Amino acid sequence: MVDHLKRLTWDRLTGILQDNGAKSEDIDKVELIASRRTFLGQMTAVGALASMGLASEVALQGLFGRGLIPVAWAAEAEFMSTKTGMTIHNTRPVNGEFEPHLLDDDITPPERHFVRNNGLLPDRARSKDLQGWSLSIDGEVHNSLVLTMDDLKKFPAVTLPLLVECGGNGRANFDPKVRGNPWNRGAVACSEWTGVRLKDVLQQAGLKETAVYTGHYGEDPSLRSSVPPFSRGVPIDKAMEEHTLIAYQMGGSDIPALNGYPVRLVVPGWVGSCSQKWLNRIWIRNKEHDTKKMKGYSYRVPKYPVVPGIRPPKSDMKIAMAWQIKSMITRPTPDTHYKIGQTIDVAGHAWAGEDKVSQVLISTDYGVTWHKANLTQRPSQYAWYRWQTQVSFPKRGYYEIWARAFDDKGQAQPFRQPWNPKGYLGNVIHRIAVHVDA
Ligand SMILES: Nc1nc2c(c(=O)[nH]1)N[C@H]1C(S)=C(S)[C@@H](COP(=O)(O)O)O[C@H]1N2
Ligand SMILES: [Mo]
């Protein structure tokens, strides 16, 4: 708790520095000295603020320093209780994930779908009042549309298990460390989504020849007025793909407030930021969408492998799109104790963005030998695959179970995480600890 409050404080300070015109290089420098998790670091940052004459902000710092959250923010917290067992990285905006052993279900239940918010929860998500809500489709279309919920539900409904994974999932495994939410492995979910195909809606609007990209907008207010609304987009081909949905239900019920009520996009297999929540507008563009979150280092990775810790120029960055081969061990719970020779059920999921998973290999001897896990076919494209196997250990001691997935193109998960400046698309092999007692 204390850790995440310190973290919250640091994020707030970063915001204050930005609002006061500090350059991102300078913020980086302050952060380097401040190393966000230490108390001394926090104090250095407070000192920096004081020297900028921001006395009232220093007072606010006092509030956080005592572990208190301004009452105005408490409403945000109300919805966090719906996510039982979530590891919370931030409360404003809300960011939280689930440990892998809590994500064992083939279909992730709504209360275990991670939360990645850039801004604040829209009032409508709290009140569940559809009055005044509509979805507009405009830009490079022949007929702009303004759809109510009833209009939207006139399109054929589809229900599919689809994977959504934050582009930053796995960031905690980057070395050197990178800034941003320290997602470990749980910012991923394979929920059952109900909605309509984006393709069907775009066809009704009639795409012009000039339509090349989408631009997504939602109802969530930004954290600060100086921050533009969170908006990203996808190439028109991905928008027209039959698994790309405008969803209005998760797991057969309304989409949870924190996950985008009443309507969101689900662009499966791609970085989660493409899946706009609290959706109310899709702007069809005649060029690549060009908001802040599409540019610079945002949701971008180097075009070539870089020396860890070195930021290539912006011109050498490309947009992060589909995920790569990846797996997760959801059984057993890490650090479980077993007896010599006891059979241990090992299981998990594997997925590969746009590609197919071909095999999952397991090692219990630090990668010297490997054996194949049973791989079950997924129910549909963009759902994750289930794999399972059994292991046992003949001698007492500390052991690790490693899982490594391969895709149909021969790509495999790396043993060490390749580095990029913002810690995106992390897919290093998953290792868990087990103990065998005498
Ligand atoms: N309107 C809006 N949509 C958004 C976001 C946001 O902050 N605002 N976050 C995006 C990011 S970065 C991710 S990873 C997914 C997370 O979806 P979830 O919170 O339902 O798990 O939503 C995406 N859609
Ligand atoms: Mo994300």
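Rules of the game
Residues numbered from 1 in each chain as written. Chains lettered and ligands numbered in written order. Predicted model: local features only at pLDDT ≥ 70, side-chain atom pairs only at ≥ 80, totals over all residues. Heavy atoms only, no water. Helix = DSSP H or I, 4+ residues; strand = E, 2+ residues; numbered from the N terminus. Buried < 20%, exposed > 50% of the residue type's maximum accessible area, 1.4 Å probe, protein only. Contact = heavy atoms within 4.5 Å. Areas by Shrake-Rupley, 256 points an atom, 1.4 Å probe, with all protein chains shown as cover. Salt bridge = Lys/Arg side-chain N within 4 Å of Asp/Glu carboxyl O. Phe/Tyr/Trp six-rings, centres within 6.5 Å; stacked < 30°, edge-to-face > 60°. Lys NZ or Arg CZ within 6 Å of the ring centre and 35° of its normal.

Remarks on the overall build of the protein
Here is step 1 of the chain: Counting its secondary structure elements, the protein contains nine helices and 23 strands.
Here is step 2 of the chain: A buried classification covers 54% of the 438 residues belonging to the protein.
Here is step 3 of the chain: If you take every contact in the protein between residues at least 6 apart in sequence, the share linking residues at least 24 apart comes to 71%.
Here is step 4 of the chain: For the protein, the computed accessible surface area is about 19000 Å², with 52% contributed by carbon and sulfur atoms.

Observations regarding the pattern of salt bridges
Here is step 1 of the chain: Per the counting criterion, the structure on display carries 18 salt bridges.
Here is step 2 of the chain: We note a salt bridge from Glu400 to Arg431, for which the minimum N-O separation is 3.0 Å. Of this pair, Glu400 sits in strand β22 (residues 397-407) while Arg431 is found in strand β23 (residues 430-437), placing the two residues 31 residues apart along the sequence.
Here is step 3 of the chain: The buried category is assigned to Glu400, whose relative accessible area is 9%.
Here is step 4 of the chain: Given a relative accessible area of 46%, Arg431 falls into the partly exposed group.
Here is step 5 of the chain: One connected set of salt bridges, linked through shared partners, spans Asp104, Asp106, Arg331 and Arg386.

Remarks on the packing of aromatic side chains
Here is step 1 of the chain: In this structure the tally under the stated criterion is nine aromatic pairs.
Here is step 2 of the chain: On the numbers, 5.4 Å between centres and 20° between planes, the contact of Tyr299 with Tyr424 is stacked. Residue Tyr299 is found in the loop between β12 (279-285) and β13 (300-302), and its partner Tyr424 is found in the loop between β22 and β23; the two are separated by 125 residues along the sequence. This pair shows no difference in class: Tyr299 is buried, exactly as Tyr424 is.
Here is step 3 of the chain: Relative to Phe415, the ring of Trp402 lies with its centre 6.4 Å away and its plane at 50°, an arrangement referred to as tilted. In this pair, Trp402 is assigned in strand β22 and Phe415 in the loop between β22 and β23, connecting sequence segments 13 residues apart.
Here is step 4 of the chain: Taken together, Tyr366, Trp370, Trp402 and Phe415 form an aromatic cluster joined through their ring pairs.
Here is step 5 of the chain: Of note, Arg285 hangs over the ring of Trp283, and the distance from its end group to the ring centre comes to 3.7 Å.

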